[in-house]
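Next come the chains, spelled out residue by residue.
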Amino acid sequence: MAKIAISANTSWYLYNFRKNTILSLIEAGHIVTAIAPRDDYSIKLEQLGARFIHIDIDQGGTNPINDAKTFFAFNSIFKAEKFDVVLNFTPKNNIYGTVAASKNGTKVINNIAGLGIIFIDENMTAKIARRLYKFSQRRADKIFFQNEDDRGLFIDNKLADISKTDRLPGSGADLSRFAISPAADDGVVSFLLVARMLYDKGIGHYVEAARELKQRYGDKVQFNLLGFLDVNNPSAVSRAEMQVWVDEGIVNYLGFSDTVEEEIAKVDCMVLPSFYREGVPKSLLEAGAMGKPIVTTDNVGCRETVDHGVNGYLCQTRSTASLVEMLTKMIEHTHQERLDMGLASRQKIENEFDEKIIINKYLTAIESII
């Protein structure tokens, strides 16, 4: 039995993405404490059987004073609690949580779930973030990456010792919750994009493609968006912008949901034209598990979910024309052909992305370092 902390920048993330990991740790006899900013999901973490400790994290901010406060808060928590190991998720937890934990003798297992714009941009913020990763990740005991591109980048830039790294197949999909759900053959080909509403996720290209395809196919196609709007991010889509698109009749905005499987079940295809440096997008794994074909970019993290022409299509990044081409292919398929591609998605998720693979790797890593 060990005292284990699990930390992220929202309680929502821990509950929605790491619920089964927490349950498995508790079932294995460990004492689990969740560390995250308090929100509506904090009490749900406690209902799972985890303790909860609040911490302030300016999730998308770059104010060094706020980040210093976060580090000192982590340091106080680890000094007082004497955890055996901490599992960190999300960037600031991976950085400040790692330094604070190692300073207090707590073993560290990090999860690098994509690198966003840190290794794309050359502005001062990105350069500082890279230095912080280099300073912090040398203190981790184990670092899991969600794709080989990110792992190679850290190793090549000497941000991490290769012996401490390993690859996970994304954050996995719960194959029992996300069961095969064929779309109805109703004469309408419906698409869904599930993500935080960020332009970096390709929202602009999706809307432009929807505009063009709606003009061509009319009511025979439908384009839906699901996810957090007006988030604290320079790439965020505003509520006013979204309303303009909805009023124009281009897209349907569905808000956000804790039962995303209900919306995925209704559609014919999942889309994510992201040029953000993803880990492996959870929405694509969950859609694949439900037997949906996928159209996404030939981009880090995204390409892992698609065998081009088998369970979906890969388009070029930052290219509306390429996205339109691949969506047109999907529209022109028969309903049965889309269902067959969806079954190939399910098979791929079962073989490569079952959430149980991830949980077992965590249990093994915890045993090996403590």
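This structure is a prediction, so every number in the text was calculated from the model and none was measured.

Analysis parameters
- Residues numbered from 1 in each chain as written.
- Predicted model: local features only at pLDDT ≥ 70, side-chain atom pairs only at ≥ 80, totals over all residues.
- Heavy atoms only, no water.
- Helix = DSSP H or I, 4+ residues; strand = E, 2+ residues; numbered from the N terminus.
- Buried < 20%, exposed > 50% of the residue type's maximum accessible area, 1.4 Å probe, protein only.
- Contact = heavy atoms within 4.5 Å.
- Polar contact = N/O pair within 3.5 Å; in protein donor to acceptor, adjacent residues only side chain to side chain.
- Domains from an automatic or database assignment.
- Buried area = accessible area lost by both parts, 1.4 Å probe.
- Salt bridge = Lys/Arg side-chain N within 4 Å of Asp/Glu carboxyl O.
- Nonpolar A, V, L, I, M, F, W, Y, C, P; charged D, E, K, R; others polar.
- Pairing = 2+ DSSP bridges.
- Axes fitted to C-alpha atoms, helices over the stretch in contact; angles between N-to-C directions.
- Patch = residues over 30% accessible without salt bridge, like charges linked within 9 Å, V, L, I, M, F, W, Y side chains within 5 Å.
- Areas by Shrake-Rupley, 256 points an atom, 1.4 Å probe, with all protein chains shown as cover.
- Lys, Arg positive; Asp, Glu negative; His and termini not counted.
- Charge placed at Lys NZ, Arg CZ, Asp CG, Glu CD.
- Parallel < 35°, antiparallel > 145°, perpendicular 65-115°, else oblique.
- Left-handed = near helix turned anticlockwise from the far one by under 90°.

(A) Local environment of the environment of Asn88. Tracing the backbone shows Asn88 in strand 4 (residues 85-89). Overall, the relative accessible area of 0% leaves Asn88 in the buried class. Taking the C-alpha atoms as reference points, Asn88 and Ile6, separated by 82 residues in sequence, lie 5.9 Å from one another. Those residues in contact with Asn88, other than ones at most four positions away along the chain, are Ser7, Asn93, Asn94, Gly97, Thr98, Val108, Ile109, Asn110 and Asn111. Within the structure, Asn88 has its side chain in polar contact with the side chain of Ser7 (distance 2.6 Å).

(B) Up close: the domain arrangement of the protein chain. When the domains of the protein chain are assigned, the result is domain 1 (3-172 + 354-368) and domain 2 (189-353). Contacts between domain 1 and domain 2 engage 28 residues on the former and 22 residues on the latter. In total, domain 1 and domain 2 occlude about 1,800 Å² of area from one another, counting both sides; carbon and sulfur atoms represent 47% of this. Between domain 1 and domain 2 we count three salt bridges in total. Here domain 1 is connected to domain 2 by nine residue pairs in polar contact (both at pLDDT 80 or more). For the side of domain 1 that touches domain 2, the elements supplying multiple residues, two or more each, are helix 1 (11-27), strand 6 (114-116), helix 6 (148-156) and helix 13 (355-369). Classifying every residue of the side of domain 1 that touches domain 2 gives ten nonpolar, eleven polar and seven charged.

(C) Just the sheet that holds strand 7 (residues 142-145), in detail. Read across the sheet, seven strands follow the order 3-2-1-4-5-7-8 without closing on themselves; strand pairing throughout is parallel. Two strands bound the open sheet, and with one partner strand each, they are strand 3 (51-54) and strand 8 (165-167). Strand-to-strand, the axes of this sheet are offset by a mean angle of 20°, without reference to chain direction. One ladder, built from four bridges, connects strand 1 (residues 3-7) with strand 4; its direction is parallel. Paired with Ser7 across the bridge in strand 4 is Asn88. The strands that helix 1 touches are strand 1, strand 2 (31-36), strand 3, strand 4 and strand 5 (107-112); relative to strand 2, the one it contacts most, it runs at about 170°. Sheet strands in contact with helix 4 (residues 91-103) are strand 1, strand 2, strand 4 and strand 5, and its direction is about 160° off that of strand 4.

(D) Quick peek at a positive patch on the surface. Among the surface-exposed residues, Lys134, Arg138, Arg139 and Lys158 lie close enough to one another that they form a single positively charged patch. Structurally, the position occupied by Lys134 is in helix 5 (residues 124-137). By relative accessible area, Lys134 is classed as partly exposed at 32%.

(E) Just the packing of helix 4 against helix 5, in detail. The contact between helix 4 and helix 5 brings their axes to 9 Å, and the two run at 45°. The orientation of helix 4 relative to helix 5 falls into the category oblique. Our pair here, helix 4 against helix 5, has a crossing hand that is left-handed. Judged by residue contacts, Pro91, Asn94, Ile95, Tyr96, Thr98 and Val99 of helix 4 engage Leu132, Tyr133, Phe135, Ser136 and Gln137 from helix 5. Across the contact of helix 4 with helix 5, the residue classes tally to seven nonpolar, four polar and no charged.

(F) Broad picture of unusual backbone geometry. Although it is not a glycine, Thr90 adopts a positive phi angle of roughly 75°. As for its placement among the helices and strands, Thr90 is situated in the loop between strand 4 and helix 4. Thr90 gets classed as buried once you look at its relative accessible area, which sits at 12%. Phi at Arg318 is positive, roughly 55°, even though this residue is not glycine.

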